[in-house]
Amino acid sequence: MDFCTLLLEESDRSLSAYDSRITAIGPCIGASNDGTMFNLSGQLKTCANDYIKREIGYETNLPYKSGNAEVYLNRNWESGKVEPEMLDSLDLGFPDASDALSHALTRAPYL
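Residues numbered from 1 in each chain as written. Predicted model: local features only at pLDDT ≥ 70, side-chain atom pairs only at ≥ 80, totals over all residues. Heavy atoms only, no water.

**Section: the overall build of the protein chain**
The line we're drawing: A run of H or I in DSSP becomes a helix once it reaches four residues, and a run of E becomes a strand once it reaches two; helices and strands are each numbered from the N terminus. Burial classification: accessible surface area is computed with a 1.4 Å probe over protein chains only, and a residue below 20% of its type maximum counts as buried, one above 50% as exposed, and the rest as partly exposed. Here, residues are in contact when the closest pair of their heavy atoms is within 4.5 Å.
Helix and strand content of the protein chain: five helices and two strands. Counting helices and strands in the order they occur from the N terminus, the protein chain gives α-β-β-α-α-α-α. Looking at the protein chain as a whole, 16% of its 111 residues are labelled buried. Within the protein chain, counting contacts between residues at least 6 apart in sequence, those at least 24 apart form 4% of the total.

**Brief notes about the confidence of the model for the protein chain**
Do not read the predicted coordinates in detail wherever pLDDT is low. As a reminder of what qualifies: How sure the predictor is of each residue is captured by pLDDT, a score from 0 to 100.
Residues at a pLDDT of 70 or more form 63% of the protein chain, whose mean pLDDT is 75. Within the protein chain, helix α5 (residues 98–107) carries the highest mean pLDDT (88), whereas helix α4 (residues 69–74) carries the lowest (66).

**A closer look at helix α3 (residues 41–55)**
Note the following rule: By this rule, a helix spans an expected 1.5 Å times one less than how many residues it contains.
Across its 15 residues, α3 extends 20 Å between first and last C-alpha, which sits within 8% of the 21 Å expected from 1.5 Å per residue. Phi turns positive, to about 85°, at G57, one or two residues after α3.

**Some details on the environment of D19**
The topology assignment puts D19 in the loop between β1 (13–15) and β2 (23–25). Exposure remark for D19: the relative accessible area of 12% places this residue in the buried category. Sequence-wise, D19 and T36 are 17 residues apart; in three dimensions their C-alpha atoms are separated by 6.5 Å.

**Focus: unusual backbone geometry**
For D12, which is not glycine, the phi dihedral falls at a positive 55°. For D12, the position within the fold is in the loop between α1 (2–6) and β1.

**Considering the pattern of salt bridges**
The condition is simple: Salt bridges are defined as contacts in which a side-chain nitrogen from Lys or Arg sits within 4 Å of a carboxyl oxygen from Asp or Glu.
Under the defined criterion, the tally for this structure stands at one salt bridge. One salt bridge in this structure joins R54 and D50, with 2.8 Å as the shortest N-O distance. You can see R54 and its partner D50 sitting in helix α3, four residues apart, about one turn around the helix.

What follows is the structure, given as structure tokens:
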């Protein structure tokens, strides 16, 4: 967020964290003023769902849920991390997808 804000700070604008072609007025404060989230999120999700089904050939009834609050809140973001010092910490860590990736690459080495 700092980078997106500081780069265009003199013009009181900020870059989108997702697509630097899009700018917003004022500092970057995340999804609430990121133009990409408002302008492109529907199209990105539609394309992702289509790509997963048609190009990769993965059939599922589950939709791709980018930015979905339920998915975000239920995800164990502390995978492999020590407990945060403060309970309301925004340092949420990262998901550990190495086992799933290893399995996928074993089944489809062309990935």
